[in-house]
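The primary structure of each chain is shown beneath.
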Amino acid sequence: MSRPPKAAPSAAGPVDAGADLPAPVHHAPRPNVGKRLLASRVGPFIGVGTVLLLLLVHEAISQPQFFDAANLTNVGRSLAVPLVLAGAMTLVVLTGGVDLSIGSSLALSGTLYAKLYHSGMPPGLALVLCLMFGAVVGFVINGILIGRLDMSFFVVTLGTLSLYRGIVLLWTHANTIDMYGDPVTSAIGNETILGGKLPVGFLIGVVVIVVLFIILRFTTFGRQVYAVGGNREAARLSGVRSEWVIAAVYAVTGLAAALAALMSIGRASSVDPNMGTSLELEAAAAALLGGIALSGGVGSIWGTVLAVVFLGVLSNALALAGASTSWQLIVTGAILVVAVYLDRIRTRAQRAG
Amino acid sequence: MKILSGSYQADEGEVLVEGDVMNAASPADALELGIGLVAQEVAVQPHLSVAENVLFGRMPHNRLGLIDWSAASRRATEALDNLHLTLDPRERLGNLPLHHQHLVSIAKMLYRRPRLLILDEPSASLPAEHVDTLFAALDQLRAEGRSVIYISHRLREYFRLCSRLVVLRDGVKVAERQAAETDEDQLVQLMVGRQLSSIFVRPDKPRPPERDDPPILRVRGLCTARKLRDIDLEVRRGEIVGIAGQAGSGRSTLARTLFGAQPTSAGTIEIDGAPVRMRSPTDAISRGVGFVPDDRKGAGLVLSSSVAENITMPSWRRTSRMGFRSATRDDDIVVRAVRELRIRTPSARVQALTLSGGNQQKIVIAKWVFRNSRLLILDEPTRGIDVGAKDELYSLIDRMAADGLGVLVLSSELLELLRLADRILVMGEGRVLGEQRGDVATEESITAMAFTGTHRAQETP
């Protein structure tokens, strides 16, 4: 194919780009402006961004202590783990899955790190082994079962959620392991730089997001993630090895869970066998609220970031207002349901064209 | 059919049932009016028992309002007797062979004693002896004063069974004949029709010259576990080979198998004279094979991704550097594709789903043209595309072949194959039934070969 095509001798004349679109169905209800805005690509940004702004204004008026430097540092520190987890979850949701085991996987990798640390291994080496362990377990168990053996992500990750947690409880005898004095996790999770204002964990979270953005935007693997999520069969017929792409995104969540475990250990100076519980819901809620399509293939990691910030600010505002953690669970659950509802609206509006 | 049985609603016009306007919103409504449909695809509940399938929704109850299982077994056995079928009514239907499942779905409709029974290609999935018993059961139904609409691609059956024949073509009734007043040859002509749209007029093209170099594709004795039997096939440089065959003839299976998307069970595939194993589409692509599947939206395109992403997808491995995309190489491909294939899109960044069917199909073809493919397999390349875009695609395919690409076109549209192909292979029931030259074949000669499995027309020398 090197010659430019000549004008086709067409009996029907030049073809209009829309000539063979189905005739518009007139009686179909048009989504109203609000719904159409939500359905567009910038919808999640505008929607979540507006609510976040309102929340910040509300805080400025009713709880000015929100904007104290100490509190902002606190917010930043609390965002570190959600940024890492929701960022990685974004890749999984883009392939059309959800990794429900991410919180249990965090606890498992954290326990491994604590055991290695207390066995006398240099903390730096233990850190590297812990991260590798997280990635390998994610790839070999969730990844192979879901990608290669084509099992349901829901059942597999629900199973590993329970499996990993059980191993952690057995391994720790359900006791908290003291990690006080470990310089490595403390540096990652607890310390600050720039005169005590910028938490290292927050910085790491930002770096992780930037790396994930580069992967999604500029690498072949990232494009394959979108293609597999958009249409697995079409991607396969275009030479994308979809089974390995899917396996790889579960390696990414495994790695992210291990990193988040090290941050959590640093903040708490201990390994709690129940650490990470229900973080999978927060991460999934953030990705969905940020506009990543539940069916996969559509969405930007910046949407997830905005949603993580919103959830973090909301949680801090609730804490400042004296609400208990029970309320935070209730809010997370409600937001997850709202996010799925918004996803439905988007999907439907897109189908309606 | 689907309108009569209540699955679809008519856009215009009305259906009269014994003089009254039918108002069926669902298959259940239609059944209430006495219209029953046995669809071509077996629609049964595989996890329920034979009896539950036959009596579906009409299970007998005892005085306590519970299901009376012994009565159910008895009634199901009686219903199956009509078709000379002896099955254990308690057996799980999914455990039975497919043709038994189909007979059970027919028995289910017969049990309801519809005033009008519609059968869509019932014989396609039945062995010969069951077709005979089915016909006997239908004769009995007619004797009771009930009516049957029978749809088949086996012409002989019409003359065994029917009193009146209606020929539909592209949604229009083109003829109606008393069975006694017509014959198979006349029927074939009526089915094929006479009016040729000008886009199907075959341009004068030279036959590709005979070459000594090995063909791009040579297939010998190819079989798959379930469908294909002993396929032999060759495609040479610059040649367009057509494959004709009804749905279910193994056409699409052949295309997917050659592309590595389905496993083979026997036979060899050679590319440029070298034997290859196609274990996955990735294998096929690396050998220079491209595939345009018949299901454009389900398998051809990632609709949610952009035009540019779709066009470059098979080339990603080649254009990327150390796993990073190269925007300049990709853009080069996209710009050339949009220009040379005249893809009408506001921008290469828009989602593929916003384009018209013809332009979407050009994207699927562009994927392979700009991957430097040597063999292109096109399965129903113009399905659901308007006439103007079809014409454009035909010229495009001709040009690609003239540039030395080998093309395999699979289609159920004979006019399309006659327009494009240098040679046409006719497939039926997983085999190649015969071959004809594209420039001398006619719709009649191919239809005859497909329906009778014999060579009534001239054969390639």
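Residues numbered from 1 in each chain as written. Chains lettered and ligands numbered in written order. Predicted model: local features only at pLDDT ≥ 70, side-chain atom pairs only at ≥ 80, totals over all residues.

## A look at the interface of chain A and chain B
Here's step 1: Between chain A and chain B, the contact holds 34 residues from the first and 46 residues from the second.
Here's step 2: Sorting elements by how many residues they give to the side of chain A that touches chain B places helix H9 (residues 220-230) of chain A first, with 6 residues.
Here's step 3: Considering only residue class, the side of chain A that touches chain B consists of 19 nonpolar, 10 polar and 5 charged. (Contact = placed C-beta atoms within 7 Å. Helix = DSSP H or I, 4+ residues; strand = E, 2+ residues; numbered from the N terminus. Nonpolar A, V, L, I, M, F, W, Y, C, P; charged D, E, K, R; others polar.)

## With respect to the sheet that holds strand E11 (residues 266-271) of chain B
Residue and element names in this part refer to chain B.
Here's step 1: Strand order in the open sheet formed by 4 strands is E9-E8-E11-E12, with antiparallel pairing between adjacent strands. Of all strands in the sheet, those with a lone pairing partner are strand E9 (231-235) and strand E12 (274-276), marking the two edges. In this sheet, neighbouring strand axes are inclined to one another by 25° on average, regardless of whether the strands run parallel or antiparallel.
Here's step 2: Bridge analysis of E11 against E12 gives 3 bridges, and the strand direction is antiparallel. (Pairing = 2+ DSSP bridges. Axes fitted to C-alpha atoms, helices over the stretch in contact; angles between N-to-C directions.)

## Description of helix H4 (residues 98-111) of chain B
All names here are of chain B.
Here's step 1: With 14 residues, H4 should cover 20 Å at 1.5 Å per step; its first-to-last C-alpha distance of 20 Å lies within 8% of that length.
Here's step 2: Among the 14 residues of H4, 10 are classified as buried, and the element is accordingly described as predominantly covered.
Here's step 3: Listing the buried residues of H4 in full gives His100, Gln101, His102, Leu103, Val104, Ser105, Ile106, Ala107, Lys108 and Leu110.
Here's step 4: Here the buried face of H4 lies against strand E3 (35-38), helix H2 (50-54), helix H3 (69-81) and helix H5 (128-143). (Expected span 1.5 Å × (residues − 1). Buried ≥ 20, exposed ≤ 12 C-beta atoms within 10 Å, placed from the backbone.)

## Re the confidence of the model for chain A
Here's step 1: Mean pLDDT for chain A: 86, with 87% of residues reaching 70 or above.
Here's step 2: Confidence over residues 1-31 of chain A falls short of pLDDT 50; this stretch has 46 contacts with residues more than four positions distant or in other chains. (pLDDT = per-residue confidence, 0-100.)

## Digging into the environment of Met263 of chain A
All names here are of chain A.
Here's step 1: Assignment of secondary structure puts Met263 in helix H11 (residues 242-268).
Here's step 2: In this structure the C-alpha to C-alpha distance between Met263 and Gly201, which are 62 residues apart in sequence, comes to 6.5 Å.
Here's step 3: Setting aside residues no more than four positions away along its own chain, Met263 makes contact with Ala80, Val81, Ile188, Gly189 and Gly201.

## A short note on the nonpolar core
Here's step 1: The biggest cluster of nonpolar side chains holds 177 residues, and the ones touching the most others in it are Leu85 of chain A together with Ile377 of chain B.
Here's step 2: With 18 residues, the top contributor of residues to this core is H11 of chain A.
Here's step 3: For Ile377 of chain B, the residues in contact, after removing those within four places along its chain, are Ala255, Leu258, Phe259, Val289, Gly290, Phe291, Val292 and Leu408 of chain B.
Here's step 4: Ranked by size, the runner-up nonpolar core spans 23 residues in total, among them Val38, Ala51, Val104 and Leu110 of chain B. (Core = buried A, V, L, I, M, F, W, Y, C linked by C-beta atoms within 7 Å.)

## Side note on unusual backbone geometry
All names here are of chain A.
Here's step 1: Phi angles above zero are rare outside glycine, and Ala174 is one such case at about 60°.
Here's step 2: Here the phi dihedral of Ser278 falls at roughly 65°; this positive angle occurs in a residue that is not glycine.
Here's step 3: Of note, Ser278 is situated in the loop between strand E4 (270-271) and helix H12 (279-289).

## A short note on the sheet that holds strand E10 (residues 240-244) of chain B
Sheet strands pair via backbone hydrogen bonds, and the direction of the pair is either parallel or antiparallel.
All names here are of chain B.
Here's step 1: As summarised here, the arrangement of the 6 strands in space is E13-E14-E15-E10-E16-E17, forming an open sheet in which the pairing is mixed. Strand pairing shows two members of the sheet lacking a second neighbour, strand E13 (289-292) and strand E17 (431-437), which therefore form its edges. With direction set aside, neighbouring strand axes in the sheet form an average angle of 20°.
Here's step 2: Alignment of strand E16 (residues 423-428) against E17, held across 6 bridges, turns out to be antiparallel. In the sheet register, Ile424 faces E17, and the bridge partner there is Gln436.
Here's step 3: Helix H15 (residues 387-402) rests against E10, strand E14 (375-379) and strand E15 (406-411) of the sheet, and its axis sits at about 150° to E15.

## Re the domain arrangement of chain B
Here's step 1: Along its sequence, chain B is carved into domain 1 (16-162) and domain 2 (198-452).
Here's step 2: One C-alpha centre belongs to domain 1 of chain B, the other to domain 2 of chain B; they are set 40 Å apart. (Domains from an automatic or database assignment.)

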